[in-house]
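Chain and residue survey
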Amino acid sequence: MKIDHDVLLFATRLVEELGESAIRISRVRLVELTAANNLRAAAFWRDVMHTSERLLAERSPALAPPPTSPPLAPAMSAQPATL
């Protein structure tokens with residue numbers, strides 16, 4: 001598999017700064033460049049869009065809490081305090 005470091009760097013930065021919006025922004029840019037018949041730039045943004053999707057898919061499970069974690073205990077309990 002050929003790795004384009006510019007695409008990877010750009011997609012990584014977009015995902016870090018924009019999160020889920022990175023895919024939408026890269027898709028809009030791809031459509032604009034395709035309509036303008038700028039095929040080389042459109043190919044770059046297509047790769048950015050796919051790489052952003054992959055990065056978000058890899059990042060999403062890491063952000064979710066583990067399924068076996070117990071719920072957080074409330075700060076104040078309902079038990080009366082003993083002096």
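Everything numeric here is computed off the predicted structure, so don't read it as measured data.

**Regarding helix 2 (residues 21-35)**
For helix 2, built from 15 residues, the straight-helix expectation of 21 Å at 1.5 Å per residue is met to within 8% by its first-to-last C-alpha distance of 21 Å. Looking only at helix 2, the buried set comprises Ala22, Ile23, Ser26, Leu30 and Leu33. The buried residues of helix 2 all sit within an arc of 100 degrees when viewed along its axis, so they share a single face. Looking at helix 2, the residues exposed on the side facing more than 90 degrees away from the buried face are Arg24, Val31 and Ala35. Note on helix 2: the residue one or two positions beyond its end, asparagine 37, has a positive phi of about 60 degrees.

**Digging into the environment of tryptophan 45**
In this structure, tryptophan 45 sits in helix 3 (residues 39-63). Overall, the relative accessible area of 12% leaves tryptophan 45 in the buried class. Sequence separation between tryptophan 45 and valine 28 is 17 residues; the distance between their C-alpha atoms is 9.3 Å. For tryptophan 45, the contacting residues outside a window of four places in its chain are Phe10, Leu14, Ser26, Arg29, Leu30 and Leu33.

**Points about helix 1 (residues 5-18)**
Its 14 residues place the ends of helix 1 20 Å apart at the C-alpha level, agreeing with the 20 Å of an ideal helix rising 1.5 Å per residue. Where helix 1 begins, the side chain of aspartate 4 points an oxygen toward the backbone nitrogen of aspartate 6, at a separation of 3.2 Å. One or two steps after helix 1, the chain reaches glycine 19, where phi turns positive at roughly 65 degrees.

**Quick notes on the confidence of the model for the protein**
Taken over all residues, the pLDDT of the protein has a mean of 81, while the share at 70 or more is 69%. Ranking the helices and strands of the protein by mean pLDDT puts helix 1 first, with 94, and helix 3 last, with 89.

**Details of the packing of aromatic side chains**
Applying the stated criterion across every chain, the model contains 3 aromatic pairs. Taken together, a centroid distance of 5.2 Å and an interplanar angle of 85 degrees make the contact between phenylalanine 10 and tryptophan 45 edge-to-face. With a gap of 35 residues between them, phenylalanine 10 in helix 1 and tryptophan 45 in helix 3 connect regions that are remote in the sequence. Ring geometry for phenylalanine 44 and tryptophan 45: centres 5.9 Å apart, planes at 90 degrees, overall edge-to-face. Through a chain of ring-to-ring contacts, three or more aromatic side chains come together here, namely Phe10, Phe44 and Trp45.

**A short note on the nonpolar core**
The biggest cluster of nonpolar side chains holds 14 residues, and the ones touching the most others in it are Leu14, Val15, Leu30, Trp45 and Val48. Mapped onto this core, the elements with two or more residues apiece are helix 1, helix 2 and helix 3. Ranked by the residues each element gives to this core, the list is headed by helix 3, at 6 residues. The residues touching leucine 30, leaving out its near neighbours within four places in the chain, are Ala42, Trp45, Arg46 and Met49.

Definitions and limits used
- Residues numbered from 1 in each chain as written.
- Predicted model: local features only at pLDDT ≥ 70, side-chain atom pairs only at ≥ 80, totals over all residues.
- Heavy atoms only, no water.
- Helix = DSSP H or I, 4+ residues; strand = E, 2+ residues; numbered from the N terminus.
- Expected span 1.5 Å × (residues − 1).
- Buried < 20%, exposed > 50% of the residue type's maximum accessible area, 1.4 Å probe, protein only.
- Arc of directions from axis to C-beta.
- Contact = heavy atoms within 4.5 Å.
- Polar contact = N/O pair within 3.5 Å; in protein donor to acceptor, adjacent residues only side chain to side chain.
- pLDDT = per-residue confidence, 0-100.
- Phe/Tyr/Trp six-rings, centres within 6.5 Å; stacked < 30°, edge-to-face > 60°.
- Core = buried A, V, L, I, M, F, W, Y, C linked by side-chain atoms within 4.5 Å.

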